[in-house]
Amino acid sequence: MKDWSEIRSQFPITSRMIYLDAACIVPSPHCVVQAVSDFYRNLSENGEDRTALEGKIESVREKFAKLINATPDEVTLIKNTTEGLNIAANGIPLNAGDNVIITDLEHLNNVYPWLNLKERKGVEVRILKSRNGRLSLEDLKPIVDQRTRSLSISSVTFTGLKIDLKPFGQFCKEHDMYFVVDGIQGVGRLALDVRDCWVDILACGGHKGLMAGRGIGCLYVSKEIIDTLDVTFAGPPVDLRHEPVSTEFKQAEGAKKFDAGGANYSGVCALDAALSFLEKIGISNIEPYDLHLGQVLVDGLREIRGIRILSPIHPGESSGIVSITTQDNRQMAKILEANNIQVSCRGSGIRISPHFYNTEEEITTTINTVRESLEQMRSHQKPIWDSNSR
Ligand SMILES: Cc1ncc(COP(=O)(O)O)c(C=O)c1O
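Just so you know, these numbers come straight off a predicted model, no measurement behind them. (Residues numbered from 1 in each chain as written. Predicted model: local features only at pLDDT ≥ 70, side-chain atom pairs only at ≥ 80, totals over all residues.)

Draft legend 1. Structural context of the overall build of the protein. The secondary structure content of the protein amounts to 11 helices and 13 strands. Looking at the protein residue by residue over its 390 residues, the buried ones come to 44%. A separation of at least 24 residues holds for 73% of the contacts in the protein among residues at least 6 apart in sequence. (Helix = DSSP H or I, 4+ residues; strand = E, 2+ residues; numbered from the N terminus. Buried ≥ 20, exposed ≤ 12 C-beta atoms within 10 Å, placed from the backbone. Contact = placed C-beta atoms within 7 Å.)

Draft legend 2. Representation of the nonpolar core within the structure. With 100 residues, the main nonpolar core has Leu219, Tyr220, Ala270 and Ala274 as its most contacted residues. Among the elements that line this core, the one with the most residues is helix α8 (residues 265-281), at nine residues. Both of domain 1 (4-23 + 282-378) and domain 2 (30-280) provide at least three residues apiece to this core. Leaving out residues up to four positions away in the same chain, Tyr220 has contacts with Ile68, Ala70, Glu74, Val75, Val194, Ile201 and Leu202. By size, the runner-up hydrophobic cluster in this structure holds five residues, among which are Ile7, Phe11, Phe356 and Tyr357. (Core = buried A, V, L, I, M, F, W, Y, C linked by C-beta atoms within 7 Å. Domains from an automatic or database assignment.)

Draft legend 3. Structural view of the sheet that holds strand β9 (residues 308-309). Taken in spatial order, the four strands line up as β9-β10-β13-β12 in an open sheet, and their pairing is antiparallel. Of all strands in the sheet, those with a lone pairing partner are β9 and β12 (344-346), marking the two edges. Its contacts with the sheet place helix α10 (residues 329-338) against β10 (322-325), β12 and β13 (349-352), and it is angled at close to 30° to β13. (Pairing = 2+ DSSP bridges. Axes fitted to C-alpha atoms, helices over the stretch in contact; angles between N-to-C directions.)

Draft legend 4. Region of the structure containing the sheet that holds strand β7 (residues 201-205). Pairing within the open sheet is mixed, and its seven strands lie in the order β2-β8-β7-β6-β5-β3-β4. The sheet is open, and its two borders are formed by β2 (75-78) and β4 (124-128), each paired with just one other strand. The average angle at which neighbouring strand axes cross in this sheet is 20°, direction not considered. By the bridge criterion, five bridges tie strand β3 (residues 99-103) to β4 in an arrangement that is parallel.

Draft legend 5. Broad picture of the packing of helix α2 (residues 30-46) against α8. Running from N to C, α2 and α8 point in directions that differ by 150°, and their axes come no closer than 8 Å. Comparing their axes, α8 and α2 come out roughly antiparallel. Read as a crossing pair, α2 and α8 show a hand that is right-handed. Touching Cys31, Val32, Ala35, Val36, Phe39 and Tyr40 of α2 are Tyr265, Ser266, Cys269, Ala270, Asp272, Ala273, Ala274 and Phe277, all from α8. When grouped by side-chain class, the residues that make up the contact of α2 with α8 number 12 nonpolar, one polar and one charged. (Parallel < 35°, antiparallel > 145°, perpendicular 65-115°, else oblique. Left-handed = near helix turned anticlockwise from the far one by under 90°. Nonpolar A, V, L, I, M, F, W, Y, C, P; charged D, E, K, R; others polar.)

Draft legend 6. Representation of unusual backbone geometry. Phi is positive for Asn132, close to 50°, though the residue is something other than glycine. Mapped onto the fold, Asn132 is located in the loop between β4 and α6 (137-140). Backbone geometry places Asp176, a non-glycine residue, at a positive phi of 55°. For Asp176, the position within the fold is in the loop between α7 (165-174) and β6 (178-182).

Draft legend 7. The arrangement of the domain arrangement of the protein in detail. By domain assignment, the protein separates into domain 1 (4-23 + 282-378) and domain 2 (30-280). The straight-line distance from the C-alpha centre of domain 1 to that of domain 2 is 28 Å. Listed by partner, the interface residues are 24 residues for domain 1 and 19 residues for domain 2. Residue assignment for the side of domain 1 that touches domain 2 shows that the elements contributing at least two residues are α9 (283-301), β10 and β13.

Draft legend 8. Fine view of the pairing of β6. Counting buried residues along β6, five of its five residues qualify, which places the element largely inside the surrounding structure. Residues of β6 alternate between two faces, with Tyr178, Val180 and Asp182 on one and Phe179 and Val181 on the opposite face, all of them buried. Relative to β6, strand β5 (residues 148-154) runs parallel, the two being bridged by five bridges. Bridge assignment links Ile153 to a residue of β6, and that residue is Val181.

Draft legend 9. Examining the pairing of β5 more closely. Among the seven residues of β5, six are classified as buried, and the element is accordingly described as predominantly covered. Note on the crossover from β5 through α7 to β6: the handedness is right-handed. (Right-handed = clockwise from strand over helix to strand, strands pointing away.)

Draft legend 10. Structural view of α7. For α7, the set of buried residues is Leu165, Phe168, Gly169 and Cys172. The buried residues of α7 occupy an angular sector of 100° when the element is viewed end-on, so they sit on one face. At its buried positions, α7 is contacted by α6, β5 and β6. Remark: Asp176 follows α7 within two positions and exhibits a positive phi of approximately 55°. (Arc of directions from axis to C-beta.)

Draft legend 11. Highlighting helix α4 (residues 81-91). Here α4 lies mainly inside the structure; nine of its 11 residues are buried. Taken together, the buried positions of α4 are Thr81, Thr82, Gly84, Leu85, Asn86, Ile87, Ala88, Ala89 and Gly91. Looking at the buried residues of α4, the elements they touch are β2, α5 (112-121), β5, β6, β7 and β8 (217-221).

Draft legend 12. Broad picture of the environment of Glu317. Tracing the backbone through its elements, the reader meets Glu317 in the loop between β9 and β10. Considered as a pair, Glu317 and Asp164 are 153 residues apart in the sequence and their alpha carbons are 7.6 Å apart.

See below:
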């Protein structure tokens, strides 16, 4: 399916505003709303159909596995990216004196799970520093030693840099380090092949590219390393959940060994519907469309005096998410909001993040609004809060 106007019609928000904040949250399409409302209607009228709902979990595992080129037994459910990264940080066998590496481009949610090891386990957290907004293998090599156990990195940073994961994954494999990926800004927007990139663990919350809202997400753990990971939160495998008390500790097979307690079934229904929708559109259609919108945005913005584009914009580095800075970012975001254009202020910039429900016309309107606002800010006039440019 590649009928972008039909796809756009699935997102009611598109008739209310120019929504360019996919990197914050992707609004759910109709099919997700329908799936969640069906779930609660069923619960209310018929009680819980556990068999059908457990079937939906299997369906999510299959679809997510297919999306990232994994197998269903390597996938389980989590409540958000941070939970998945904590499962990684606490599951990797670490001793006092070992070190783990994160980067200076990570969201804090990929920092705290590792910092938490410092006090508790005496593990050192090392930082791979970026240069000109980019990360390189050459800068990683000098901070790796015999005691380095892992590298944790985003597939797309929260400011929009797409990381070329493969060389980092290969390096980790060669140096016997776990390769952990925070996938939330990339999965569902850009293709990601965990086998090709040598990813050991990938955590991905459901509220961005997966379109399922908060409170549900997926964790991938490669079968190559799964047996080496410890379980922090233990729960009985689902088929033993109602057995009499026993002191025998049986773990579920595969990634399900990280499950503890009942699943978020409404989230599962949302994610299952969203993954079906994604599958129908096809990541091979979404990625070029998102990158194209990002390129139109960059081409227009770079012509405007007073704008600095912070995101790397070269092919292979761009994710379609564009961060910029102006003389007054807060003021600019306010003006955009007053013109019914939703973006976010993040770090030292304004983050503009289109997705496949946006049109090129919306991008052009946004560029024009930014240009006019800057002209007003420069001439110290009162900004036009209601632009005619839409
Ligand atoms: C790169 C990145 N990682 C993690 C998060 C947060 O993840 P979660 O809320 O799913 O734990 C965000 C933003 O929400 C993010 O941009």
